[in-house]
Amino acid sequence: MHISSGRWVYGLFLALLTAFLWGILPIKLKQVLQVMDPVTVTWFRLMVSGGCLFIYLASVKRLPSRKVLGPKGGWLVLMAVLGLVGNYVLYLMGLNLLSPGTAQLVVQMGPIMLLIASLFVFKERFSIGQGIGLLVLLIGFGLFFNQRLAELLTSLSDYTAGVLLVLLASTVWTFYALGQKQLLTVWNSLQVMMVIYLFCGLLLTPWVHPLEALNLSPLQGWLLLACCMNTLIAYGAFAEALAHWEASRVSATLAITPLVTFVAVAVAARIWPEYVHAEQINALGYGGAVLVVLGSALVALGPSLIAGLKARRMKMAAS
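The rules behind each value
Residues numbered from 1 in each chain as written. Predicted model: local features only at pLDDT ≥ 70, side-chain atom pairs only at ≥ 80, totals over all residues. Heavy atoms only, no water. Helix = DSSP H or I, 4+ residues; strand = E, 2+ residues; numbered from the N terminus. Buried < 20%, exposed > 50% of the residue type's maximum accessible area, 1.4 Å probe, protein only. 1 Å grid on protein atoms, 1.4 Å probe; cavity = no way out; pocket = protein on both sides within 12 Å on 5 of 7 lines; lining within 4 Å. Points joined across faces, edges and corners; volume = space filled by probe spheres on them. Nonpolar A, V, L, I, M, F, W, Y, C, P; charged D, E, K, R; others polar. Phe/Tyr/Trp six-rings, centres within 6.5 Å; stacked < 30°, edge-to-face > 60°. Lys NZ or Arg CZ within 6 Å of the ring centre and 35° of its normal.

Q: Could you clarify how one ought to interpret the environment of R66 in this entry?
A: With respect to the helices and strands, R66 occurs in the loop between α2 (38–59) and α3 (73–95). Using a relative accessible area of 52% as the deciding quantity, one classes R66 as exposed. On a C-alpha basis, the gap between R66 and Q104 in space is 35 Å, while along the polypeptide they are 38 residues apart.

Following this line, the structure appears as structure tokens:
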């Protein structure tokens, strides 16, 4: 099993960088999706990012070796590739039907599912603190969707389909994250991401329409390039954060991503109202979004918080 290096300050910085980049990504993608289909956008992001990593690793003579993978390595790569491809495409399909803030909030289920999967894969325990966090998260989702809860539960509208697609994207992301973390035991984070990106891109190649990029406006073209660079830097930072910090703490830090999106949408809507529209959410919905973030953080940090409380009690009892 992979063991973190313990450089938690560096890991925290990388996790915060990831949260910021993931937070602003839906705003840029929403503009590009007006012209290009989700599969083609995903292909560009993966191939550009993977190509950049290949050029860098080849220049420093650090391309990954297949020999060090071992008998199970191939299955880990396959699991990570299928998980990331599914996550990217399904998320963009859902984003087509939702606002950036809503899509990013629903994606918050990804780290939660990763933690639940870790209970079985890494034999972690689900503490009382995590149970409280999960309850807070579910209440938060109920409040966030208060204006459209009946629609979600009673009809398969575009809005409901968007939410279900993003939930499915979060589910398959769990397989990517688990596979990637184990691959870090044999390759460094850049080698892992290069292999995953290029294999994902090759897998999607038969279904892409690259000439759609010619229909982009200059602004949309720059935004597509920014999305590609966002993929390279954000997932690289995420992979490196997992190498230096515990998965639970990385997940807790990534919980702020939806809030980054809501703030970014509000700022962008004020500066560029012709391109970005403000979120149509009431005060109760925003309060629910905050509860979702708090619940996610509690689920991630529950074991640490409970262990800290027990240690303090034992210290007080001993003294």
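Q: Hey, could you run me through the layout of surface pockets in this one?
A: Estimates place the volume of the second largest pocket at around 430 Å³. If you trace the second largest pocket, you find 23 residues lining it, with L98, S99, P100, E279 and Q280 closest to the centre. For the lining of the second largest pocket, the secondary structure elements donating two or more residues are α1 (8–32) and α4 (100–106). When residues in the lining of the second largest pocket are grouped by element, the largest group, three residues, is from α1. Looking at the lining of the second largest pocket residue by residue, the class counts come to twelve nonpolar, eight polar and three charged.

Q: What's the story with the side chain of Q108 in this structure? I'm lost.
A: Here Q108 shows up in the loop between α4 and α5 (109–121). A residue is classified by how much of its surface remains accessible, and Q108, at 3% relative accessible area, is buried.

Q: How do you make sense of the environment of L165 when you look at a structure like this?
A: Relative to the elements of secondary structure, L165 occurs in helix α8 (residues 158–183). Through-space distance from the C-alpha of L165 to that of G73 is 29 Å; in sequence the pair is 92 residues apart.

Q: Sorry if this is basic, but what is going on with the packing of aromatic side chains here?
A: The way to describe two aromatic rings as a pair is by their centre distance and the angle between their planes. With the rule as written, the count across this model stands at nine aromatic pairs. Ring geometry for F262 and Y286: centres 5.7 Å apart, planes at 75°, overall edge-to-face. Here F262 is found in helix α12 (residues 257–271), whereas its partner Y286 is found in helix α13 (residues 283–318), with 24 residues between them in sequence. Here the aromatic cluster, defined as three or more aromatic residues joined through ring pairs, consists of F141, F144, F145, Y159, F262 and Y286. Above the ring of Y88, the side-chain terminus of R45 is found at 4.3 Å from the ring centroid.

Q: Help me understand empty space enclosed by the protein in this model?
A: Unoccupied space between atoms shows up once a probe the size of one water molecule is rolled over them. The tally for this structure, following the rule as stated, stands at two cavities of 30 Å³ or more. Looking at the largest cavity, its volume works out to about 320 Å³. Around the largest cavity, the lining comprises 18 residues; the ones closest to its centre are W22, N87, Q104, V107 and Y235. Sorting the residues of the lining of the largest cavity by element identifies α1, α3, α5 and α8 as the ones contributing at least two each. Top element by residues in the lining of the largest cavity is α1. It accounts for four residues.

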